[in-house]
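Architecture at a glance
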There are 2 protein chains.
Amino acid sequence: MPLFSTEEYRERIRKTEAAMAEAGVDVLVSADPANMNYLTGYDGWSFYVPQVVVVSADADEPVWIGRGMDVAGAKLTTFLSHDNIIGYPDDYVQNPVKHPLHFVADRLKERGWGKKRVGVELDAYYYTARSDRSLREGLPEATFVNADLLVNWIRLVKSDAEIALMKEAGKISEKVMATALERVRPGVRECDAVAAVYKAQMSGTEEFGGDYPSIVPMMPTGEKTATPHLTWTDEPYGNETAVNLELAACRHRYHSPLARTAWIGKNPPEKLTRIADVTVEGLDTTLAAIKPGMRCEEVELVWREIIAKAGLEKESRIGYPIGVNYPPDWGEHTASLRPGDKTVLKPNMCFHMILGMWMDNWGFECSEALRVTENGCETFAEFPRKLFVID
Amino acid sequence: MPLFSTEEYRERIRKTEAAMAEAGVDVLVSADPANMNYLTGYDGWSFYVPQVVVVSADADEPVWIGRGMDVAGAKLTTFLSHDNIIGYPDDYVQNPVKHPLHFVADRLKERGWGKKRVGVELDAYYYTARSDRSLREGLPEATFVNADLLVNWIRLVKSDAEIALMKEAGKISEKVMATALERVRPGVRECDAVAAVYKAQMSGTEEFGGDYPSIVPMMPTGEKTATPHLTWTDEPYGNETAVNLELAACRHRYHSPLARTAWIGKNPPEKLTRIADVTVEGLDTTLAAIKPGMRCEEVELVWREIIAKAGLEKESRIGYPIGVNYPPDWGEHTASLRPGDKTVLKPNMCFHMILGMWMDNWGFECSEALRVTENGCETFAEFPRKLFVID
């Protein structure tokens with residue numbers, strides 16, 4: 001039932017151990033659900049309680065430690081031998097005195113890792129301040145090293161098997177966006193359009209179903225287009241207004257986001273069509289320029305120069321890596337397509353390139369999820385790049 | 001646009017300040033998105049970057065500090081004056097050197113709070129180890145106090161306005177469960193049944209729409225009923241098998257979960273019908289027994305005694321408080337319906353009471369979301385309590 005071959009997991013672990021050696025880490029305690037999945041295959045909605053995967057160069061394979069009731073799920077979804085799947089008793093859950101990371105510390109000591117250099121992900125979601133404190137309390141003789149993003153950087157270059165899933169997610173994302181453009185209509189409640197989008201995300205295609213994306217559908221309209229992270233209401237969509245559709249599809253936790261903008265009404269304002277033209281030209285040209293060997297900042301420069309010709313500029317980054325992930329974010333938090341980022345593109349790096357231009361109270365955005373190929377790049381979805389007009 | 005009256009927010013803050021005084025906290029830095037919403041009204045999918053609400057007895061009202069691009073959303077959704085909504089520059093985001101909690105520390109010092117007793121939520125989701133470390137680095141003269149769950153305990157008793165939203169969520173949950181029972185059929189792909197459930201969750205009713213619940217739909221079948229947190233696949237539902245439906249509806253972030261069990265096939269096994277009868281009897285009797293003044297452990301004892309008569313026992317807790325929340329959990333992490341919990345029930349406390357009995361490779365579960373009333377309790381949904389048979 002693990003998604004990938006054991007050989008593929010072992011290769012990921014070999015790379016992780018090499019990065020650990022370089023970072024001076026003997027034992028890595030990873031609490032990021034995406035890293036736990038990447039290293040072992042573990043996939044469950046159990047990250048609301050503390051759980052970790054432990055990697056040590058002197059162990060055959062990683063150790064999964066989580067809540068007792070999730071052990072059965074770990075046995076079904078990981079490639080690990082059952083000896084390396086350990087559950088903590090339920091009285092560790094939401095207990096003001098003892099914490100699951102105390103239990104983790106005890107298991108580490110048992111394996112002779114109590115005095116090692118222990119790497120922890122200081123800024124990972126779900127690795128709370130108390131998790132960190134409890135692990136340190138339990139391992140007073142260990143040396144702690146910040147190993148934040150260590151595994152995330154390895155995730156940056158995908159395997160062909162991972163790419164295959166992202167292509168499937170890309171196919172689903174086409175249906176998701178088509179559904180949104182079909183359902184957003186004046187007088188239709190936002191929640192009903194969102195409901196149709198969710199249905200399309202999960203139903204997927206006839207060949208393969210969808211998984212829950214790590215971010216909910218964002219479909220702001222009117223004054224909310226200036227506030228990127230407010231979710232929907234049950235108000236009807238208006239007329240003569242823009243709607244930004246920031247959506248995604250997911251396949252076995254692998255994401256392919258897709259953003260488009262629509263104008264609800266007969267005649268989009270000239271300033272919106274103009275900015276749409278510039279943005280789409282920028283997107284086309286930047287996609288055409290991407291190739292292995294280029295640096296992230298050079299990709300951003302292509303875009304920057306095109307919009308500068310139109311007298312525009314955009315301050316925020318224009319892209320970030322994507323792949324396996326869990327709520328609250330599908331971004332990998334490593335490289336960024338922005339000035340100063342010297343990361344060199346390699347084949348099978350995957351990015352969500354999202355170009356958005358916001359004016360006072362409306363904006364235009366258009367994005368593609370893409371893979372760097374041997375000599376360029378390809379997008380996971382095929383969907384027209386333009387301002388859609390819903391009249 | 002804030003959901004509740006300013007007076008209601010002020011009352012919540014007064015209670016928080018009283019709890020702070022008792023806990024020896026001068027300044028509370030709350031990073032839990034549910035607490036941020038409770039104290040100010042803030043509602044956005046922006047908790048994937050650090051953000052906080054700061055409460056101090058010597059300030060007129062709380063201060064919201066988050067990412068610059070989310071300031072507009074905070075202005076739209078909170079009751080705060082715009083002076084108390086502060087955005088940090090975007091170069092704090094995913095920056096290996098400076099962290100948003102350094103920015104928060106600077107704002108605290110500006111307000112003369114640099115030497116105060118600062119309360120932090122050590123085990124709150126999204127308050128990472130690095131968040132805690134950065135705040136301490138930035139406030140070397142402050143005294144830190146663990147204020148974990150301080151606001152959660154205040155959330156335990158709901159206002160009538162909160163109850164009104166939970167009743168709406170309860171109404172939606174009836175439609176959600178009816179949809180699931182209608183769509184789960186032999187040969188139907190799990191992802192398609194889940195898609196219909198999502199659609200029902202968001203569409204809500206004709207009068208009011210739905211919001212995204214904090215946990216995805218759980219609809220395990222076959223051997224996965226023994227693994228509570230694995231999500232769906234695109235395999236078809238089988239025949240002669242059980243399916244556990246652990247669902248919810250949400251209205252403006254207020255939850256009403258609902259769990260039922262169905263047997264797909266003509267004749268459910270006698271051991272399943274027997275355990276369903278005992279569980280439903282236990283649920284009915286426990287609901288009838290609940291009244292203000294009872295302790296949480298006494299509620300659990302009613303259930304325990306009923307199943308003991310049938311020769312059964314269940315080790316885990318049978319309920320937890322619910323209300324406003326964000327992924328990854330709709331539970332409030334305070335009281336529990338379990339032995340040893342001395343919390344005294346009061347009117348407008350709301351619980352998800354979930355009774356589940358798991359055998360080797362199948363189980364039966366049945367739940368209700370409920371409010372303690374002046375003299376008993378009432379459920380938010382009305383839905384038959386029984387084993388459903390889908391044939």
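Residues numbered from 1 in each chain as written. Chains lettered and ligands numbered in written order. Predicted model: local features only at pLDDT ≥ 70, side-chain atom pairs only at ≥ 80, totals over all residues.

1. Describing the sheet that holds strand β5 (residues 117–120) of chain A
All names here are of chain A. Going by this rule: For two strands to be treated as a pair, DSSP must find no fewer than two bridges joining them. Helix and strand assignments follow DSSP, with helices taken as H or I runs no shorter than four residues and strands as E runs no shorter than two, numbered in order from the N terminus. Axes here refer to lines fitted to C-alpha atoms; in helices the fit is confined to the stretch in contact. Angles between the N-to-C directions go from 0 to 180 degrees. Two residues qualify as being in contact provided that their C-beta atoms, derived from the backbone, are within 7 Å of each other.
One open sheet holds the 6 strands; their spatial order is β4-β3-β2-β1-β5-β6, and the pairing between them is mixed. Each edge of the sheet is formed by a strand with only one pairing partner; in this case those strands are β4 (85–88) and β6 (143–146). When the angles between neighbouring strand axes are averaged without regard to direction, this sheet yields 25°. Pairing of strand β3 (residues 63–67) with β4 involves 4 bridges; the strand directions are parallel. Note on β4: the bridge partner recorded for Trp-64 is Ile-85. Across the sheet, helix α1 (residues 6–23) lies against β1 (27–30), β2 (52–56), β5 and β6, angled at about 70° from β2, the strand it touches most.

2. Quick look at the interface of chain A and chain B
Counted only if it meets this: Ten residues, namely Ala, Val, Leu, Ile, Met, Phe, Trp, Tyr, Cys and Pro, are considered nonpolar, four, namely Asp, Glu, Lys and Arg, are considered charged, and the remaining ones, Gly among them, are considered polar.
In this assembly, 55 residues from chain A lie in contact with 55 residues from chain B. Mapped onto the side of chain A that touches chain B, the elements with two or more residues apiece are α3 (71–77), α5 (129–138) and α8 (190–203) of chain A. No other element matches the 9 residues that α8 of chain A contributes to the side of chain A that touches chain B. By residue class, the composition of the side of chain A that touches chain B is 28 nonpolar, 16 polar and 11 charged.

3. Brief notes about the domain arrangement of chain A
Residues and elements named next belong to chain A. For clarity, the threshold we go by: By convention here, the domain bounds are inherited from an automatic or database domain assignment.
Taken as a whole, chain A is organised into domain 1 (6–155) and domain 2 (160–390). Its C-alpha centre places domain 1 at a distance of 33 Å from the equivalent point of domain 2. On the domain 2 side, the residues contacting the 12 residues of domain 1 number 10 residues. Sorting the residues of the side of domain 1 that touches domain 2 by element identifies α2 (33–40) and α6 (150–155) as the ones contributing at least two each. The element contributing the most residues to the side of domain 1 that touches domain 2 is α2, with 4 residues.

4. Let's talk about the sheet that holds strand β8 (residues 254–264) of chain B
Residue and element names in this part refer to chain B. Strand order in this open sheet of 3 strands is β7-β8-β13, and the pairing throughout is mixed. In this open sheet, the two strands that pair with only one neighbour each are β7 (241–251) and β13 (387–390). Each adjacent strand pair in this sheet contributes to an overall mean axis angle of 35°, direction not counted. As paired elements, β7 and β8 share 11 bridges and run antiparallel to each other. When the bridges of β8 are listed, Val-243 appears paired with Ala-262. Lying on the sheet, helix α7 (residues 160–183) is in contact with β7, β8 and β13; it crosses β7 at an angle near 150°. This element, helix α9 (residues 270–289), spans β7, β8 and β13 of the sheet and lies at about 145° to β13.

5. Quick word on the packing of α9 of chain B against helix α10 (residues 296–309) of chain B
Residue and element names in this part refer to chain B. So the rule is basically this: For classification, angles of less than 35 degrees are called roughly parallel, those exceeding 145 degrees roughly antiparallel, those between 65 and 115 degrees roughly perpendicular, and all remaining angles oblique. Handedness of a helix crossing follows the sense of rotation of the near helix relative to the far helix, less than a right angle counterclockwise being left-handed and clockwise being right-handed.
Look at α9 against α10: their axes get within 9 Å of each other, and the N-to-C directions meet at 150°. Put simply, α9 runs roughly antiparallel to α10. Seen from above, α9 lies across α10 with right-handed handedness. Within the contact between the two elements, α9 uses Val-278, Glu-281, Gly-282, Thr-285, Thr-286 and Ala-289 and α10 uses Val-299, Val-302, Trp-303, Ile-306 and Ile-307. By residue class, the composition of the contact of α9 with α10 is 7 nonpolar, 3 polar and 1 charged.

6. Regarding the nonpolar core
This is how the line gets drawn: Note on definitions: a nonpolar core is a set of buried residues drawn from Ala, Val, Leu, Ile, Met, Phe, Trp, Tyr and Cys, linked by C-beta atoms within 7 Å. Neighbour counting defines burial: a residue surrounded by 20 or more other C-beta atoms within 10 Å of its own C-beta is buried, one with 12 or fewer is exposed, and intermediate counts give partly exposed, using backbone-placed C-beta atoms.
By size, the foremost hydrophobic cluster in this structure holds 240 residues, and its most contacted members are Val-29 and Val-54 of chain A together with Val-29 and Val-54 of chain B. Those residues in contact with Val-54 of chain A that lie beyond four places of it in its chain are Val-27, Leu-28, Val-29, Pro-62, Val-63, Ile-65 and Leu-108 of chain A.

7. Regarding the packing of helix α4 (residues 100–110) of chain B against helix α5 (residues 129–138) of chain B
Residues and elements named next belong to chain B. Axis separation between α4 and α5 bottoms out at 8 Å; the angle between their running directions is 35°. Between α4 and α5 the crossing geometry is right-handed. Facing Leu-101, His-102, Val-104, Ala-105 and Asp-106 of α4, the residues of α5 in contact are Ser-131, Ser-134, Leu-135, Glu-137 and Gly-138. Of the residues belonging to the contact of α4 with α5, the class tally is 4 nonpolar, 4 polar and 2 charged.

8. Let's talk about the pairing of strand β3 (residues 63–67) of chain B
As a general feature of sheets, a regular strand has side chains that alternate between the two faces. Residue and element names in this part refer to chain B. Burial of β3 is extensive: 5 of the 5 residues sit out of reach of the surface. Two strands pair when backbone bridges link them, and strand β2 (residues 52–56) and β3 are joined in this way by 3 bridges, in the antiparallel orientation. Considered in β3, the bridge of Val-53 is made with Trp-64. Here β2 hands over to β3 after 6 residues, the two strands then running antiparallel side by side.

9. Description of the environment of Glu-7 of chain A
Counting through the fold element by element, Glu-7 of chain A comes out in helix α1. When the C-alpha positions of Glu-7 of chain A and Glu-190 of chain A are compared, they lie 46 Å apart, and in sequence the two are 183 residues distant.

10. What to know about the relation of the copies chain A and chain B
Rules: A residue counts toward the fit only if its pLDDT is at least 70 in both copies, and the copies are then superposed by least squares on the C-alpha atoms of those residues.
Between chain A and chain B, the superposition needs a rotation of 180° and an axial shift of 0.0 Å, giving an RMSD of 0.0 Å. Taken together, the turn and the small shift mark the pair as related by a two-fold rotation axis. Both copies share a contact surface, since 100% of the interface residues of chain A are interface residues in chain B too.

11. Concerning the pairing of strand β6 (residues 143–146) of chain B
Residue and element names in this part refer to chain B. Convention followed: When the strands point away from the viewer and the connection leading from the first strand across the helix to the second strand turns clockwise, the crossover is called right-handed.
Looking at chain direction, strand β5 (residues 117–120) and β6 are connected through 4 bridges and run parallel. Pairing of Val-120 across the sheet is with Asn-146, part of β6. Between β5 and its parallel partner β6, the chain crosses via α5, and the hand of that crossover is right-handed.

12. Some remarks on helix α8 (residues 190–203) of chain B
Residues and elements named next belong to chain B. Operational definition: Expected helix span is computed as 1.5 Å times (number of residues minus one).
Compared with the 20 Å implied by 1.5 Å per residue over 14 residues, the 20 Å span of α8 between its first and last C-alpha is a close match. Buried residues dominate α8, accounting for 14 of its 14 residues. The positive-phi residue at the C-terminal boundary of α8 is Gly-204, with phi of around 65°.

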